[in-house]
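# Understanding the architecture of this molecule
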Amino acid sequence: LLDTIQGLNDRSEIHGILVQLPLPDGLDSHEAINAIDPMKDVDGCTTTNLGELVSGNERLVPCTPRGTIAMIESTGTTFEGKTAVVIGRSILVGKPVALLMLNRHAVVTLCHSRTPDLGAEGREADILVVAAGRRGLVTGDMIKPGAVVIDVGINVVDGKLKGDVDFESAKEVAGHITPVPGGVGPMTRAMLLENTLIAAKLQADSASES
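In this text, all values refer to a predicted model and were calculated from it rather than measured experimentally.

The next point concerns the nonpolar core. Core analysis: the largest hydrophobic core is formed by 21 residues, its most contacted members being Ile72, Phe79, Met101, Ile127, Val129, Ile150 and Val152. Elements represented by at least two residues in this core include exactly α4 (63–74), β1 (83–87), α5 (94–103), β3 (127–130) and β4 (148–151). Excluding residues within four positions of it along the chain, Ile150 makes contact with Thr68, Met71, Ile72, Leu128, Val129, Val130, Thr178 and Val184.

This is how it looks when you write it as structure tokens:
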């Protein structure tokens, strides 16, 4: 696997590399991801690109968080001064999306399985992003009326995809809400293509400088 990644790193006609997770048992996903040239890291998950995000430089940003921000912006919602709550602290979604909203001057609370009262936190949120991986975790009574709700959860139940938000009760309260399936997933793929274009430009600029 590492040899394959290095071979792709060395090929100038290859502009984007993504390691599909989870990897089989016995393979180190952290090692594999960090073997990717950061300028070809179209999923934005190398330590280098995550570090850039922490520092406020949005270069190659993880695709799902990037798509989440784009969907929120599409509603006309601004981030500055808004209360944003993220439920879930994964490195793929929760932490990056919290950082992206902080960069846009939202007041961000990051919740997780040890948060004492998720409902109380949710009812304060102008923007609520749920990415905990627990079907139906958030119900309508946990949502502030008019809030923007982004459901990132993917749970397979009887062969069907279900989100972390109970859509039927939540849609009666939320101002905007994404469905599962058909919400975040297509945006993630769109952002992957956008990241590939950004990566190609980064590599072209680097080649011209050298």
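Having seen the structure, we can now continue with the description.
On to the side chain of Gln203, then. Tracing the backbone shows Gln203 in helix α8 (residues 184–209). For Gln203, a relative accessible area of 14% translates into the label buried. Side-chain polar atoms of Gln203 contact the backbone oxygen of Met39, separated by 2.9 Å. Ignoring anything within four residues of it in the chain, the contact list for Gln203 reads Ile14, His15, Met39 and Lys40.

Attention now moves to unusual backbone geometry. In this model, Leu21 is joined to Pro22 through a cis peptide bond whose omega is 0°. Its place among the elements puts Pro22 in the loop between α1 (2–10) and α2 (29–34). For the peptide bond that leads from Val180 to Pro181, omega is -5°, which places it in the cis range. Relative to the assigned elements, Pro181 resides in the loop between β7 (176–177) and α8. With phi around 70°, His105 is a residue other than glycine that occupies positive phi space. In this model, Asp158 sits at a positive phi of 50°, which is unusual for a non-glycine residue. Looking at where Asp158 falls in the secondary structure, it is placed in the loop between β5 (155–157) and β6 (160–162). The exposure class assigned to Asp158 is exposed, which follows from its relative accessible area of 77%.

Calculation criteria
- Residues numbered from 1 in each chain as written.
- Predicted model: local features only at pLDDT ≥ 70, side-chain atom pairs only at ≥ 80, totals over all residues.
- Heavy atoms only, no water.
- Core = buried A, V, L, I, M, F, W, Y, C linked by side-chain atoms within 4.5 Å.
- Buried < 20%, exposed > 50% of the residue type's maximum accessible area, 1.4 Å probe, protein only.
- Helix = DSSP H or I, 4+ residues; strand = E, 2+ residues; numbered from the N terminus.
- Contact = heavy atoms within 4.5 Å.
- Polar contact = N/O pair within 3.5 Å; in protein donor to acceptor, adjacent residues only side chain to side chain.

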